[in-house]
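# Residue-level structure breakdown
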Amino acid sequence: MSNITNQLKLLQDEKYANFQARLIPNIDKNTIIGVRVPILRKFAKYLLKNRTETEHFLNQLPHAFYDENILHSLILSEIKDYDESITKIDTFLPFVDNWAVYDSLSPKVFKSHKSELLDKIKSWSASHHTYTCRFGLEMLMTHFLDENFDKNLLEIPASIRSEEYYINMMIAWFFATALAKQYESSLPYLKNHRLSPWVHNKTIQKARESYRLSPTQKSELNSLKIPKIP
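In this report, the structure presented in the accompanying data block is examined.

## Regarding the overall build of the protein chain
Within the protein chain, the secondary structure is distributed over 14 helices and 0 strands. Relative to the globule expectation of 17 Å for 230 residues, the C-alpha radius of gyration of the protein chain, 19 Å, shows essentially globular dimensions. Overall, the protein chain is about 55 × 40 × 30 Å in size when its C-alpha atoms are taken along their principal axes. With 230 residues in all, the protein chain has 49% of them scored as buried. Sequence separation of at least 24 residues holds for 68% of the intrachain contacts in the protein chain that already meet a minimum separation of 6. Here the protein chain has roughly 12,100 Å² of accessible surface; of this, 51% comes from carbon and sulfur atoms.

So this is what it looks like as structure tokens:
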């Protein structure tokens, strides 16, 4: 057991571990140490000051514990060199097996490398690995629905067909956000039934829950719901 793992166990909160286990039922409860994310975030920043120890930890894949994977994500999110960040993310993503680890991966360096990032997003989004695909779609949603928006990029999530719940939820989340930010460009994807029926209706549900859409827009979306087959 590594020194970092031992340190994580000293930070254990058993009640939090039980809480996390209920939120992530697809992983073994015994792999959850139970370290709260704010503590892990501070630990990640501390470790980044010790390059040798950090590199050793990042190379120990797969990790045995869920908390190690969260810590890994948080460390990658702090890397300041874009190329290094991409290399380490590509190495890590195949080992991600739950939504919480992937949600912790939010690289700050991406904000200043939009042009290079787009090619990687297209590659990640095309992956057959659930959380690699989902990561690509979230990065597209995070970085390309505002000042870098191009309506042609909506084709990336619209073209995906999957049986994976977490991918379909991400597509719905993406289009609900796109409707809030780029309504006129996104609406045709619902009017023309470009999404699978489940994603279509989930998109409308999530969009109608948003405070960023007007009552008129929500009414229009509601009229586009696909009736459930009896």
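## Thoughts on the nonpolar core
Ranked by size, the top nonpolar core spans 73 residues in total, and within it Leu71, Phe110, Trp124, Phe135 and Leu221 carry the most contacts. Tallying contributions element by element places helix α11 (residues 165-181) first for this core, with 9 residues. With near-sequence residues (within four places) excluded, Phe110 lies in contact with Tyr82, Ser85, Ile86, Ile89, Leu117, Trp124, Phe135, Met139 and His143.

## Brief notes about the packing of aromatic side chains
Here a ring pair, both rings aromatic, is described through the centre-centre distance and the interplanar angle of the planes. One pass over the structure, following the stated rule, counts 10 aromatic pairs. Where Phe174 meets Phe175, the ring centres are 5.4 Å apart and the plane angle is 75 degrees; that geometry is what we call edge-to-face. Phe174 gets classed as buried once you look at its relative accessible area, which sits at 1%. The exposure class assigned to Phe175 is buried, which follows from its relative accessible area of 2%. Among the aromatic residues, those joined into a ring-pair cluster are Tyr82, Phe110, Trp124 and Phe135.

## Let's talk about unusual backbone geometry
Glycine aside, residues mostly have negative phi, and peptide bonds are mostly found in the trans state. Each neighbour pair has its own omega, and for Leu61 with Pro62 the value is 0 degrees, a cis peptide bond. With respect to the helices and strands, the residue Pro62 is situated in the loop between α4 (51-58) and α5 (66-78). Non-glycine residue His193 carries a positive phi angle of around 55 degrees. The residue His193 is located in the loop between α12 (183-191) and α13 (197-208) in this model. Taking the relative accessible area as the measure of exposure, His193 reaches 47% and is therefore partly exposed.

## Structural notes on α5
Counted at 1.5 Å a residue, the expected span for α5 with its 13 residues is 18 Å, and the 19 Å between its end C-alpha atoms agrees. Burial runs high along α5: 13 of the 13 residues are buried.

## Some remarks on a nonpolar patch on the surface
Together, Leu10, Leu11 and Ile39 make up an exposed nonpolar region whose accessible area comes to about 290 Å². With respect to the element layout, Leu11 can be found in the loop between α1 (3-10) and α2 (14-23).

## Here's the deal with the environment of Ile32
Position of Ile32 among the secondary structure elements: in the loop between α2 and α3 (37-47). On the basis of relative accessibility, which here comes to 6%, the residue Ile32 falls in the buried class. Along the sequence, Ile32 and Asp67 sit 35 residues apart, while their C-alpha atoms lie 6.2 Å from each other. Setting aside residues up to four positions removed in sequence, Ile32 forms contacts with Ala17, Gln20, Ala21, Ile27, Tyr66 and Asp67.

## A look at the side chain of Thr54
Inspection of the secondary structure assignment puts Thr54 in helix α4. At a separation of 2.9 Å, a polar atom in the side chain of Thr54 contacts the main-chain carbonyl oxygen of Asn50.

## Section: the side chain of Arg134
Note that Arg134 resides in helix α9 (residues 130-143). Lacking a salt bridge, the buried Arg134 has Asp103 as its closest oppositely charged neighbour, with an N-O distance of 4.3 Å. Ignoring sequence-local partners within four residues, the contact set of Arg134 consists of Tyr102, Asp103, Tyr166, Met169, Met170 and Trp173.

## Considering the pattern of salt bridges
Enumeration over the complete set of coordinates arrives at 10 salt bridges. One salt bridge in this structure joins Arg51 and Glu55, with 3.6 Å as the shortest N-O distance. Pair noted here: Arg51 and Glu55 are both in helix α4, with a separation of 4 residues, about one helical turn. Exposure remark for Glu55: the relative accessible area of 23% places this residue in the partly exposed category. Between Lys108 and Glu78 there is a salt bridge, with its nearest N and O atoms 3.0 Å apart.

Cut-offs used in this document
Going along each chain's sequence as written, the residues are numbered from 1 onward. A pLDDT threshold of at least 70 governs which residues receive local features in this predicted model, and a stricter bar of 80 or more applies before side-chain atom pairs are shown or counted, although totals over entire chains, interfaces and linings include all residues. For the side-chain quantities, the full set of heavy atoms in the structure was used; hydrogens and water were omitted. A run of H or I in DSSP counts as a helix once it spans at least four residues, and a run of E counts as a strand once it spans at least two, with each numbered from the N terminus. The globule rule used here is 2.2 Å times the number of residues to the 0.38 power, and the radius of gyration it is set against is calculated over C-alpha atoms. Between buried and exposed lies partly exposed: a residue is buried under 20% and exposed over 50% of the maximum accessible area for its type, with that area taken using a 1.4 Å probe on protein chains only. Between two residues, a contact is recorded if the distance between any of their heavy atoms is within 4.5 Å. Here the Shrake-Rupley method, with its probe set to 1.4 Å, supplies the accessible areas, and only the displayed protein chains count as covering residues. For the purposes of this section, nonpolar cores are sets of buried Ala, Val, Leu, Ile, Met, Phe, Trp, Tyr and Cys residues that join through side-chain atoms within 4.5 Å. Here is the rule: rings of Phe, Tyr and Trp (six-membered ring for Trp) pair when centre to centre is within 6.5 Å. Planes less than 30 degrees apart are stacked, more than 60 are edge-to-face, and the remainder are tilted. The length a helix should cover is 1.5 Å for every residue beyond the first. Residues enter patches when their relative accessible area tops 30% and they take part in no salt bridge; the joining distance is 9 Å for like charges and 5 Å for the nonpolar side chains Val, Leu, Ile, Met, Phe, Trp and Tyr. For salt bridges, the criterion is a side-chain nitrogen of Lys or Arg within 4 Å of an Asp or Glu carboxyl oxygen. For the purposes of these results, a polar contact is taken to be a pair of N or O atoms within 3.5 Å, where, inside protein, one atom must be able to donate a hydrogen and its partner to accept one; residues adjacent in sequence count only when each atom of the pair is a side-chain atom. Neither His nor the chain ends contribute to the count of charged residues, in which Lys and Arg are positive and Asp and Glu negative.

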